[in-house]
Amino acid sequence: MKKWLVLIFAFSSCTNFLIRQQCDKLNWYQLGFDAALRGDRISNDPQISLCRKAEAEISESQLDVGFKAGMSRYCQPETAYQTGKQGDTLNSDFCDGNTFSLLKHKHAEGNKAYCMDGFTAGQSGKKYKNVCAANFEKTFTPEYKKGRKKYLMNLVSLAESKKLESSSELNRVSQQKINIDRRLSVLPQAVAGQADPYLGERSQLNNQSMDFGNQLSQLRYKNELLNKQITEHQTELATLD
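Residues numbered from 1 in each chain as written. Predicted model: local features only at pLDDT ≥ 70, side-chain atom pairs only at ≥ 80, totals over all residues. Heavy atoms only, no water.

### Quick notes on the pattern of salt bridges
Scanning all chains against the criterion turns up 15 salt bridges. Of the charged contacts, one joins R52 and E60 as a salt bridge, the two residues approaching to 2.5 Å between their closest N and O atoms. Under the relative-accessibility criterion, R52 is labelled partly exposed at 40%. Between D196 and R202 there is a salt bridge whose closest N-O contact spans 3.0 Å. When its relative accessible area of 14% is taken as the criterion, R202 is described as buried. Linked by salt bridges that have partners in common, R38, D40 and D45 make up one network. (Salt bridge = Lys/Arg side-chain N within 4 Å of Asp/Glu carboxyl O. Buried < 20%, exposed > 50% of the residue type's maximum accessible area, 1.4 Å probe, protein only.)

Right, here's the structure in full:
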């Protein structure tokens, strides 16, 4: 859900209403916790920033509690090791200076493990942040590209499958709207000064037409997102040859 949400936010045509709908589903404690565990400040989280811009309702207290809990976890030796093993840098601002020497050592151990397995690093989906020493990069880079290509090809295949399903649903809903609109167009018009005998049916059909119209907008928007994903992935794939 997280990646899908970030992509939704990336489109300037997305309305604040749709953004707020997605923000309402977020776990603010978890967002704060995850930001700290990445070594990031809350202000740098793209989801939180865009929810603020959309004036969504945000639980600041839960964000703060989650962030502090994440910082406590971040400044542990095992977390420092895992941070290095995931190819990420260690944020020295988060941890007490008295323990940072140990954390730095554990991070270096994790970083070495990361740099010795380029294929796994590439297949993980995380982009390489130039954290490997020169003596590792010579063997790391080719393997990383192989893993990254496999990861991106899987994403393209998944996005194309979702687009096929979405397009099929779009055609189905479009036909339903056409049928409703056709029925509306043949309803006799009310005679001036007389009660409309088709008022109930006309109102129901108008509501159905509006509902189908909204569904079509959402499905077209989803297809735009999927097309954007596919194009971005294919563009990056071309650079890995």
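### Some words on the nonpolar core
Formed by 22 residues in total, the largest nonpolar core has its most connected members in W28, C51, L63, F94, C95 and L103. Looking at this core, the elements with two or more residues in it are α2 (16-23), α3 (28-37), α4 (46-53), α5 (60-74) and α7 (97-115). Non-local contacts of L103, meaning those with residues more than four positions away in its chain, are made with C75, Q76, P77, A80, L90 and C95. Counting residues in hydrophobic clusters, the runner-up holds 9 residues, among them I180, L205, F212 and L219. (Core = buried A, V, L, I, M, F, W, Y, C linked by side-chain atoms within 4.5 Å. Helix = DSSP H or I, 4+ residues; strand = E, 2+ residues; numbered from the N terminus. Contact = heavy atoms within 4.5 Å.)

### Details of the state of the cysteines
Counted by the stated rule, this structure contains 3 disulfides. The residue that forms a disulfide with C23 is C51, at a sulfur-sulfur distance of 2.0 Å. What sets the handedness of the C23 and C51 disulfide is the S-S torsion sign, and at about -100° it is left-handed. Pair noted here: C23 is in helix α2 and C51 is in helix α4, with a separation of 28 residues, a long-range link. A single burial state applies to C23 and to C51, both of which are buried. There is a disulfide in this structure between C115 and C132, and the S-S distance comes to 2.1 Å. Between C115 and C132, the S-S dihedral sits near -95°, and the bridge is therefore left-handed. (Disulfide = S-S within 2.5 Å.)

### As for the environment of P77
Within the secondary structure, P77 sits in helix α6 (residues 77-85). Residue classification places P77 among the partly exposed positions, given a relative accessible area of 28%. Ignoring any residue separated from it by four or fewer positions in sequence, one finds P77 in contact with L102, L103 and K106.

### Considering the packing of α6 against α7
Put simply, α6 and α7 touch, their axes get as near as 6 Å, and they point 35° apart. Pair α6 / α7 crosses with right-handed handedness. Of the residues in α7, those in contact with P77, A80, Y81, T83, G84 and K85 of α6 are L102, L103, K106, H107, E109, G110, N111, A113 and Y114. The residue makeup of the contact of α6 with α7, split by class, is 7 nonpolar, 5 polar and 3 charged. (Axes fitted to C-alpha atoms, helices over the stretch in contact; angles between N-to-C directions. Left-handed = near helix turned anticlockwise from the far one by under 90°. Nonpolar A, V, L, I, M, F, W, Y, C, P; charged D, E, K, R; others polar.)

### Notes on unusual backbone geometry
Trans is the common state for peptide bonds, and a negative phi is the common state for residues other than glycine. Of note in this structure, E55 is not a glycine but carries a positive phi near 60°. Position of E55 among the secondary structure elements: in the loop between α4 and α5. Of note, the phi angle at N130 is positive, near 55°, even though the residue is not glycine. With respect to the secondary-structure elements, N130 resides in the loop between α8 (118-123) and α9 (134-186).

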